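Structural description and commentary
Now for the letters of each chain:
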Amino acid sequence: MARIQGQHIKSIRTWGKHFLIELSGFSIRIHLLMFGSYRINERRESPARLSLQCSDHTELNFYACSVKFIEAELDDVYDWSSDVMSDQWNPAAARKKLRSSPQKLACDALLDQDIFSGVGNIIKNEVLFRVRVHPLSEIGALPAIKLRSLVDEARQYSFQFLELKKAFVLRQHWLAHNKRTCPRCNIPYKRAHLGATLRRSFFCEKCQKKYLLQI
DNA sequence: GAAAATGTTATCAT
DNA sequence: TATGATAACATTTT
(Lines give C-alpha, C1' and ligand atoms only; values in the text may rest on other atoms or scores of the structure.)
Protein backbone atom coordinates (compact mmCIF):
# COMPACT_ATOMS: atom_id res chain seq x y z
CA MET A 1 0.00 0.00 0.00
CA ALA A 2 2.95 2.31 0.61
CA ARG A 3 3.40 2.89 -3.10
CA ILE A 4 0.00 4.61 -3.28
CA GLN A 5 1.03 7.30 -0.75
CA GLY A 6 1.28 10.74 -2.31
CA GLN A 7 0.40 9.52 -5.80
CA HIS A 8 -1.61 11.68 -8.15
CA ILE A 9 -4.85 10.13 -9.45
CA LYS A 10 -4.62 10.44 -13.21
CA SER A 11 -8.06 9.02 -13.93
CA ILE A 12 -10.93 6.97 -12.61
CA ARG A 13 -12.15 4.47 -15.18
CA THR A 14 -14.32 1.39 -15.36
CA TRP A 15 -14.38 -1.71 -17.50
CA GLY A 16 -17.52 -3.64 -16.74
CA LYS A 17 -17.38 -4.52 -13.07
CA HIS A 18 -13.76 -3.41 -12.75
CA PHE A 19 -13.29 -0.07 -10.98
CA LEU A 20 -9.95 1.39 -11.97
CA ILE A 21 -7.92 4.11 -10.32
CA GLU A 22 -5.09 5.12 -12.62
CA LEU A 23 -1.91 6.43 -10.99
CA SER A 24 1.48 7.11 -12.58
CA GLY A 25 3.00 3.86 -13.77
CA PHE A 26 0.37 1.56 -12.33
CA SER A 27 -3.33 1.33 -11.49
CA ILE A 28 -5.51 -0.01 -8.71
CA ARG A 29 -8.20 -2.47 -9.75
CA ILE A 30 -11.16 -2.94 -7.47
CA HIS A 31 -13.78 -5.64 -7.98
CA LEU A 32 -16.73 -5.78 -5.57
CA LEU A 33 -17.46 -9.42 -6.45
CA MET A 34 -20.68 -10.66 -4.83
CA PHE A 35 -20.60 -8.80 -1.54
CA GLY A 36 -18.37 -5.79 -1.88
CA SER A 37 -19.44 -2.26 -1.12
CA TYR A 38 -18.05 1.25 -1.04
CA ARG A 39 -18.63 4.53 0.76
CA ILE A 40 -17.71 8.05 -0.25
CA ASN A 41 -16.99 10.31 2.73
CA GLU A 42 -18.59 7.74 5.00
CA ARG A 43 -17.34 4.67 6.84
CA ARG A 44 -18.80 1.29 7.62
CA GLU A 45 -18.10 -0.54 10.86
CA SER A 46 -16.10 -3.29 9.20
CA PRO A 47 -12.51 -2.51 8.24
CA ALA A 48 -11.94 -1.17 4.74
CA ARG A 49 -9.86 -3.18 2.29
CA LEU A 50 -8.73 0.07 0.77
CA SER A 51 -9.17 3.58 2.12
CA LEU A 52 -8.02 6.58 0.10
CA GLN A 53 -7.77 10.01 1.69
CA CYS A 54 -7.47 12.55 -1.09
CA SER A 55 -5.94 16.01 -0.89
CA ASP A 56 -9.36 17.56 -1.52
CA HIS A 57 -10.53 15.76 1.66
CA THR A 58 -12.59 13.22 -0.26
CA GLU A 59 -12.41 9.80 1.38
CA LEU A 60 -13.03 6.64 -0.63
CA ASN A 61 -13.59 3.40 1.27
CA PHE A 62 -13.91 -0.07 -0.26
CA TYR A 63 -15.09 -3.11 1.69
CA ALA A 64 -15.06 -6.88 1.15
CA CYS A 65 -13.67 -6.47 -2.32
CA SER A 66 -10.75 -7.63 -4.41
CA VAL A 67 -7.95 -5.06 -4.68
CA LYS A 68 -5.18 -5.64 -7.17
CA PHE A 69 -2.50 -3.62 -8.87
CA ILE A 70 -2.22 -3.45 -12.63
CA GLU A 71 1.32 -2.69 -13.72
CA ALA A 72 0.63 -2.08 -17.41
CA GLU A 73 -1.09 0.78 -19.22
CA LEU A 74 -4.86 0.34 -18.94
CA ASP A 75 -5.29 0.83 -22.68
CA ASP A 76 -2.99 -2.16 -23.18
CA VAL A 77 -4.90 -4.33 -20.72
CA TYR A 78 -8.53 -3.58 -21.49
CA ASP A 79 -10.61 -3.74 -24.64
CA TRP A 80 -13.02 -0.91 -23.91
CA SER A 81 -15.24 -1.88 -26.84
CA SER A 82 -16.46 -4.97 -24.97
CA ASP A 83 -17.84 -2.91 -22.07
CA VAL A 84 -21.60 -2.80 -22.64
CA MET A 85 -21.88 0.62 -21.00
CA SER A 86 -18.87 2.23 -22.64
CA ASP A 87 -19.10 4.96 -25.28
CA GLN A 88 -16.74 2.69 -27.18
CA TRP A 89 -19.07 -0.32 -26.98
CA ASN A 90 -18.98 -2.12 -30.31
CA PRO A 91 -22.03 -4.33 -30.91
CA ALA A 92 -20.68 -5.58 -34.23
CA ALA A 93 -17.58 -6.87 -32.46
CA ALA A 94 -19.79 -8.62 -29.91
CA ARG A 95 -21.81 -10.28 -32.66
CA LYS A 96 -18.61 -11.40 -34.35
CA LYS A 97 -17.33 -12.98 -31.13
CA LEU A 98 -20.68 -14.71 -30.67
CA ARG A 99 -20.67 -16.08 -34.21
CA SER A 100 -17.22 -17.57 -33.57
CA SER A 101 -18.65 -19.79 -30.79
CA PRO A 102 -21.82 -21.28 -32.28
CA GLN A 103 -22.12 -24.01 -29.65
CA LYS A 104 -21.94 -21.61 -26.75
CA LEU A 105 -25.14 -21.44 -24.71
CA ALA A 106 -26.99 -18.16 -24.53
CA CYS A 107 -26.78 -18.15 -20.71
CA ASP A 108 -22.99 -18.55 -20.89
CA ALA A 109 -22.53 -16.03 -23.67
CA LEU A 110 -24.17 -13.21 -21.72
CA LEU A 111 -21.95 -13.89 -18.71
CA ASP A 112 -18.79 -13.92 -20.83
CA GLN A 113 -16.96 -10.76 -19.76
CA ASP A 114 -14.83 -10.77 -22.90
CA ILE A 115 -18.01 -10.32 -24.93
CA PHE A 116 -20.38 -8.51 -22.56
CA SER A 117 -18.17 -6.93 -19.94
CA GLY A 118 -20.39 -5.76 -17.11
CA VAL A 119 -23.29 -8.16 -17.60
CA GLY A 120 -24.02 -10.30 -14.55
CA ASN A 121 -26.51 -12.95 -13.60
CA ILE A 122 -29.47 -10.65 -13.02
CA ILE A 123 -28.98 -8.87 -16.33
CA LYS A 124 -28.55 -12.24 -18.02
CA ASN A 125 -31.95 -13.44 -16.84
CA GLU A 126 -33.70 -10.17 -17.67
CA VAL A 127 -32.16 -9.89 -21.15
CA LEU A 128 -33.04 -13.48 -22.09
CA PHE A 129 -36.62 -12.95 -20.97
CA ARG A 130 -36.96 -9.67 -22.83
CA VAL A 131 -35.66 -11.07 -26.13
CA ARG A 132 -37.59 -14.32 -25.58
CA VAL A 133 -34.57 -16.59 -25.80
CA HIS A 134 -34.26 -19.76 -23.73
CA PRO A 135 -31.04 -19.82 -21.68
CA LEU A 136 -30.02 -23.17 -23.17
CA SER A 137 -30.23 -21.89 -26.74
CA GLU A 138 -27.12 -22.36 -28.84
CA ILE A 139 -25.79 -19.05 -30.07
CA GLY A 140 -25.13 -20.33 -33.58
CA ALA A 141 -28.79 -21.28 -33.97
CA LEU A 142 -30.13 -17.79 -33.30
CA PRO A 143 -31.50 -16.00 -36.35
CA ALA A 144 -29.40 -12.94 -37.21
CA ILE A 145 -32.11 -10.55 -36.09
CA LYS A 146 -32.42 -12.36 -32.77
CA LEU A 147 -28.68 -12.29 -32.19
CA ARG A 148 -28.75 -8.57 -32.89
CA SER A 149 -31.58 -7.94 -30.44
CA LEU A 150 -29.82 -9.94 -27.73
CA VAL A 151 -26.67 -7.84 -28.14
CA ASP A 152 -28.66 -4.61 -28.19
CA GLU A 153 -30.74 -5.56 -25.18
CA ALA A 154 -27.63 -6.39 -23.16
CA ARG A 155 -26.59 -2.76 -23.45
CA GLN A 156 -30.04 -1.24 -23.17
CA TYR A 157 -31.04 -3.17 -20.05
CA SER A 158 -27.67 -2.46 -18.44
CA PHE A 159 -28.42 1.27 -18.57
CA GLN A 160 -31.93 0.65 -17.30
CA PHE A 161 -30.49 -1.50 -14.50
CA LEU A 162 -28.28 1.39 -13.41
CA GLU A 163 -31.15 3.90 -13.39
CA LEU A 164 -33.42 1.53 -11.46
CA LYS A 165 -30.61 0.74 -9.02
CA LYS A 166 -29.90 4.41 -8.38
CA ALA A 167 -33.61 4.96 -7.73
CA PHE A 168 -33.66 1.97 -5.31
CA VAL A 169 -36.42 0.31 -7.35
CA LEU A 170 -34.39 -2.30 -9.23
CA ARG A 171 -35.88 -5.30 -7.52
CA GLN A 172 -39.50 -4.35 -8.07
CA HIS A 173 -38.89 -4.02 -11.79
CA TRP A 174 -37.51 -7.51 -12.33
CA LEU A 175 -39.59 -9.40 -14.88
CA ALA A 176 -37.82 -12.75 -14.55
CA HIS A 177 -35.00 -12.76 -12.00
CA ASN A 178 -36.19 -14.18 -8.67
CA LYS A 179 -39.79 -14.21 -9.94
CA ARG A 180 -42.18 -17.11 -9.71
CA THR A 181 -44.54 -16.45 -12.63
CA CYS A 182 -44.10 -15.33 -16.20
CA PRO A 183 -45.87 -11.97 -16.59
CA ARG A 184 -46.59 -12.73 -20.27
CA CYS A 185 -47.98 -16.26 -19.93
CA ASN A 186 -49.02 -16.36 -16.27
CA ILE A 187 -47.42 -19.78 -15.90
CA PRO A 188 -44.72 -20.68 -13.39
CA TYR A 189 -41.13 -19.95 -14.36
CA LYS A 190 -38.69 -22.78 -14.61
CA ARG A 191 -35.66 -22.29 -12.44
CA ALA A 192 -32.42 -24.18 -12.80
CA HIS A 193 -28.70 -23.76 -12.37
CA LEU A 194 -27.49 -23.70 -15.96
CA GLY A 195 -24.39 -23.28 -18.07
CA ALA A 196 -20.69 -23.64 -17.39
CA THR A 197 -20.87 -21.90 -14.03
CA LEU A 198 -24.28 -23.21 -12.94
CA ARG A 199 -25.68 -19.78 -12.21
CA ARG A 200 -29.37 -19.38 -11.42
CA SER A 201 -31.65 -19.12 -14.41
CA PHE A 202 -35.33 -18.13 -14.37
CA PHE A 203 -37.11 -18.69 -17.65
CA CYS A 204 -40.49 -19.32 -19.22
CA GLU A 205 -40.64 -22.47 -21.30
CA LYS A 206 -43.60 -21.15 -23.24
CA CYS A 207 -42.44 -17.75 -24.43
CA GLN A 208 -38.64 -18.12 -24.43
CA LYS A 209 -37.73 -20.18 -27.47
CA LYS A 210 -34.94 -22.71 -27.33
CA TYR A 211 -32.88 -22.39 -30.50
CA LEU A 212 -30.75 -25.44 -31.27
CA LEU A 213 -28.26 -26.16 -34.04
CA GLN A 214 -29.27 -28.80 -36.57
CA ILE A 215 -27.30 -32.00 -36.33
C1' DG B 1 -30.95 -19.57 11.81
C1' DA B 2 -29.75 -22.03 7.68
C1' DA B 3 -29.19 -21.67 2.97
C1' DA B 4 -28.54 -19.40 -1.12
C1' DA B 5 -26.68 -15.84 -3.80
C1' DT B 6 -25.63 -9.66 -7.73
C1' DG B 7 -18.73 -13.13 -9.06
C1' DT B 8 -14.18 -14.26 -9.83
C1' DT B 9 -9.94 -16.78 -9.26
C1' DA B 10 -6.72 -20.21 -7.37
C1' DT B 11 -5.97 -24.87 -7.35
C1' DC B 12 -6.36 -29.47 -8.43
C1' DA B 13 -7.62 -33.06 -12.05
C1' DT B 14 -7.89 -34.68 -16.42
C1' DT C 1 -0.17 -27.21 -21.82
C1' DA C 2 -4.90 -26.47 -22.16
C1' DT C 3 -9.31 -27.25 -20.42
C1' DG C 4 -12.53 -28.27 -16.82
C1' DA C 5 -14.34 -29.05 -12.22
C1' DT C 6 -14.19 -27.69 -7.53
C1' DA C 7 -13.10 -24.86 -3.60
C1' DA C 8 -12.51 -20.60 -1.58
C1' DC C 9 -13.75 -16.12 -0.35
C1' DA C 10 -17.37 -12.98 2.25
C1' DT C 11 -21.95 -10.54 3.36
C1' DT C 12 -26.75 -9.83 2.60
C1' DT C 13 -31.19 -11.60 1.65
C1' DT C 14 -34.59 -15.13 1.63
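Cut-offs applied
- Residues numbered from 1 in each chain as written.
- Chains lettered and ligands numbered in written order.
- Predicted model: local features only at pLDDT ≥ 70, side-chain atom pairs only at ≥ 80, totals over all residues.
- Heavy atoms only, no water.
- 1 Å grid on protein atoms, 1.4 Å probe; cavity = no way out; pocket = protein on both sides within 12 Å on 5 of 7 lines; lining within 4 Å.
- Points joined across faces, edges and corners; volume = space filled by probe spheres on them.
- Helix = DSSP H or I, 4+ residues; strand = E, 2+ residues; numbered from the N terminus.
- Nonpolar A, V, L, I, M, F, W, Y, C, P; charged D, E, K, R; others polar.
- Domains from an automatic or database assignment.
- Near = heavy atom within 4 Å.
- Polar contact = N/O pair within 3.5 Å; in protein donor to acceptor, adjacent residues only side chain to side chain.
- Core = buried A, V, L, I, M, F, W, Y, C linked by side-chain atoms within 4.5 Å.
- Buried < 20%, exposed > 50% of the residue type's maximum accessible area, 1.4 Å probe, protein only.
- Contact = heavy atoms within 4.5 Å.

Some thoughts on the layout of surface pockets
Approximately 2,000 Å³ is the volume attributed to the largest pocket. Every residue lining the largest pocket is counted, 50 residues in all, and those nearest its centre are K17, L32, L33, F161 and K165. Within the residue set of the lining of the largest pocket, elements represented by two or more residues are β1 (11–15), β2 (18–22), β3 (27–31), β4 (37–40), β6 (59–63), α4 (121–130), α5 (144–166) and β9 (199–203). Residue contributions to the lining of the largest pocket peak at six residues, all from α5. Broken down by class, the residue content of the lining of the largest pocket amounts to 25 nonpolar, 17 polar and eight charged. Viewed by domain, the lining of the largest pocket spans two of them, domain 1 (2–77) and domain 2 (80–203), each represented by three or more residues. When its volume is computed, the second largest pocket comes out at roughly 380 Å³. Taken together, 15 residues line the second largest pocket, and the ones lying closest to its centre are I4, Q5, G6, L52 and Q53. Residue composition of the lining of the second largest pocket, grouped by class: eight nonpolar, seven polar and no charged.

As for the protein's contact with DNA strand B
Among the 15 residues in the neighbourhood of DNA strand B, the closest are listed as G120, N121, H177, R199 and R200. Backbone sugar and phosphate groups make up 75% of those atoms of DNA strand B lying within 4 Å of the protein. In the environment of DNA strand B, a phosphate oxygen lies 3.4 Å from a nitrogen or oxygen atom belonging to the side chain of H31. Elements supplying a minimum of two residues to the surface near DNA strand B: β3, α4 and β9. Of the residues that constitute the surface near DNA strand B, the class distribution is four nonpolar, six polar and five charged.

Quick word on the nonpolar core
By size, the foremost hydrophobic cluster in this structure holds 30 residues, and its most contacted members are L98, L110 and F116. Elements with a contribution of two residues or more to this core: α2 (91–99), α3 (106–111), α4 and α5. The contacts of L98, once residues within four sequence positions are left out, are A109, I115, F116, I139, L147 and V151. Membership of the second largest hydrophobic core comes to eleven residues, among which are F26, I30, F62 and C65.

Re unusual backbone geometry
Positive phi outside glycine occurs at A64, with the angle close to 45°. With respect to the helices and strands, A64 occurs in the loop between β6 and β7 (66–70). One non-glycine residue with positive phi stands out, namely N178, at about 65°. Considering the arrangement of structural elements, one finds N178 in the loop between α5 and β8 (190–194).

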